Amino acid sequence: SGIGIVSMDSANISAVSFHNVSIHGANVATPIFVKIGNRVNGETDLPSNDFPPGSISDVNFTDIRAYDWGAVANPKPGHSTNYTLTVEGLNASHLVGPIRLEGLTMEAPGGGTEAQADVDPPLSPTDYQPRYDGVRPAWGMFVR
């Protein structure tokens, strides 16, 4: 990700701003990826479920330009050459936001198929990388 914000294991992320950023390069698979996940037990060996989901709020993206991205030449097995900009909450009780986008210019590589427009990507609460959502049914922005 050009810019990646991921809350796992109870992380509360807020009051973050990105201003006047250019994101480009063939090895950038997605310009922006924002996700709330929850591995429940975190990275410890504790048997309890003492790790409630975290949050992502008050994030500002101002004057962001993404271009010439999504052309990874030799993606690793299981990876794609590109993923659309994604903002994803954990569930209806743990949504991302507010997020403000002002002056966002994104030139997406496109190339999706008609069948991909009907895809419902799996929710992967324990995985934090863009590839785990797989194909999204959008090229501009996928938000859920």
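This text gives an overview of the structure that appears in the document. (Residues numbered from 1 in each chain as written. Predicted model: local features only at pLDDT ≥ 70, side-chain atom pairs only at ≥ 80, totals over all residues. Heavy atoms only, no water.)

1. Considering the overall build of the chain
Here's step 1: Within the chain, the regular secondary structure consists of zero helices and seven strands.
Here's step 2: By the compact-globule yardstick of 15 Å for 144 residues, the chain fits well, its C-alpha radius of gyration being 16 Å.
Here's step 3: Expressed as lengths along the three principal axes of its C-alpha atoms, the size of the chain is roughly 45 × 35 × 25 Å.
Here's step 4: Per-residue burial over the chain gives 31% buried out of 144 residues.
Here's step 5: Pairs at least 24 residues apart make up 78% of the contacts formed inside the chain by residues separated by at least 6 positions.
Here's step 6: Averaging the locations of the 8 positively and 15 negatively charged side chains of the chain gives two centres separated by 4 Å. (Helix = DSSP H or I, 4+ residues; strand = E, 2+ residues; numbered from the N terminus. Rg over C-alpha atoms; globule rule 2.2 N^0.38 Å. Buried < 20%, exposed > 50% of the residue type's maximum accessible area, 1.4 Å probe, protein only. Contact = heavy atoms within 4.5 Å. Lys, Arg positive; Asp, Glu negative; His and termini not counted. Charge placed at Lys NZ, Arg CZ, Asp CG, Glu CD.)

2. Some words on the environment of V6
Here's step 1: Along the chain, the position of V6 falls in strand 1 (residues 3–7).
Here's step 2: Taking the C-alpha atoms as reference points, V6 and Q129, 123 residues apart in sequence, are found 8.8 Å from one another.
Here's step 3: Aside from chain neighbours lying at most four places away, what touches V6 is I13, F33, K35, I56 and Y128.

3. Concerning the environment of R65
Here's step 1: Within the secondary structure, R65 sits in strand 4 (residues 55–69).
Here's step 2: Judged by relative accessible area, which is 36%, R65 ranks as partly exposed.
Here's step 3: Along the chain, R65 and H24 lie 41 residues apart, while their C-alpha atoms are 8.3 Å from each other.
Here's step 4: Ignoring any residue separated from it by four or fewer positions in sequence, one finds R65 in contact with V21, S22, I23, T105 and E107.

4. Some details on the sheet that holds strand 2 (residues 12–25)
Here's step 1: The three strands lie next to each other as 2-4-6, forming an open sheet whose pairing is parallel. Every interior strand has two partners, whereas the edge strands, strand 2 and strand 6 (99–106), have only one. With direction set aside, neighbouring strand axes in the sheet form an average angle of 0°.
Here's step 2: Relative to strand 6, strand 4 runs parallel, the two sharing seven bridges. What sits directly across from V59, in strand 6, is I99. (Pairing = 2+ DSSP bridges. Axes fitted to C-alpha atoms, helices over the stretch in contact; angles between N-to-C directions.)

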